[in-house]
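Given next are the chains, with one letter for each unit.
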Amino acid sequence: YVPLWLTDVEPEIDPDEIQALRNAPSKLDALFFGAMCPSRIPLCKKLVASNKRVECAGDLFGSDLERKILSSKLVFVEHCYAGGVLTVHRINHVLSLGVPVIATWSADRELDAVYEKMGVIFAKNNLADEVLDLLEKPLALEMARKSAAKYNVFKLTTVEPVCDLLKQMCDDVKPSSKYY
C-alpha cells in the first residue's frame, strides 16, 4: 500500500500554461509514458497502428512530459509484469493535471478500489481494445475527465490538511543538541 499523498508531484509548468493546455484541442488521443518493457510493446504497437493519435514515450520527463499529458485526451497505464503493483507515481501525476487514466488491475485490489473512486478507469478485459473503445465515446471520455478532478478534490480536502498538520507537528519538535 502506497498512500496517495506520498507519490504526488507538483506540476513543473506554470498554472496559466496548464489551463491553456487544458482548454486547447487535444493533439493526442492517448499517451503512454514509461519504460518499454516486453509486456508494453505489443500494447503500444497495437494502439499506435490504430487510426487514433497515440504515442508511447519512454523518454519524457518534467515539463515536457506534463505538456504531453495535458495535450492528450487520455493516458493509459500498463504493468511490466503479471501481478504488478499500481503505478501510483504515474497515475497521481496524471490525475493532478486533470487528465483521465485507464489502467489494468493491479495485485492490490484494495488500492485499485481507492483509485477507482478517484476516477481511474480499470480495463475489464483487453486494455488496448478498451482504450480504443473509450476514445470512440466522447461523452464517456468527458465523464472520465470530470472524474479525474476527484483526485484534486480529495487532495485539497483530505490530504493537504493532514500534511499541513504533520508538517506543523514536525516543526514544533525541536531536536536536542545533545544528540548531535
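Above: the structure in question.
None of the values given here were measured: they were computed from a predicted structure. Throughout this document, residue positions are counted from 1 along each chain, in the order its sequence is written. Selection of residues for local features in this predicted model requires a pLDDT of at least 70, selection of side-chain atom pairs for listing and counting requires 80 or more, and totals for whole chains, interfaces and linings are taken over all residues. Computation of side-chain values: all heavy atoms of the structure, hydrogens and water removed.

(A) The arrangement of the environment of Ile69 in detail. Structurally, Ile69 can be placed in helix α3 (residues 62-70). Exposed residues in this analysis have more than 50% of their type's maximum accessible area, buried residues have under 20%, and partly exposed residues fall in between, with area computed by a 1.4 Å probe over protein chains only. Looking at Ile69, the relative accessible area reads 0%, which means it is buried. Sequence separation between Ile69 and Val99 is 30 residues; the distance between their C-alpha atoms is 7.2 Å. For Ile69, the residues in contact, after removing those within four places along its chain, are Leu31, Phe33, Val75, Val94, Leu97 and Val99. The numbering of helices and of strands both runs from the N terminus, where a helix is a DSSP run of H or I of at least 4 residues and a strand a run of E of at least 2. We call two residues in contact when some of their heavy atoms are within 4.5 Å.

(B) Spatial organisation of the pattern of salt bridges. Whenever a carboxyl oxygen of Asp or Glu lies within 4 Å of a side-chain nitrogen of Lys or Arg, that contact is scored as a salt bridge. Inspection of the entire model under this criterion finds eight salt bridges. Between Asp64 and Arg67 there is a salt bridge, and its shortest N-O distance comes to 3.9 Å. Here Asp64 and its partner Arg67 are both found in helix α3, three residues apart, which amounts to about one turn of the helix. The class for Arg67 is partly exposed, based on a relative accessible area of 30%.

(C) Spatial organisation of the environment of Ala148. Structurally, the position occupied by Ala148 is in helix α7 (residues 138-172). Look at Ala148 and you get buried, because its relative accessible area is 0%. Sequence separation between Ala148 and Lys117 is 31 residues; the distance between their C-alpha atoms is 9.6 Å.

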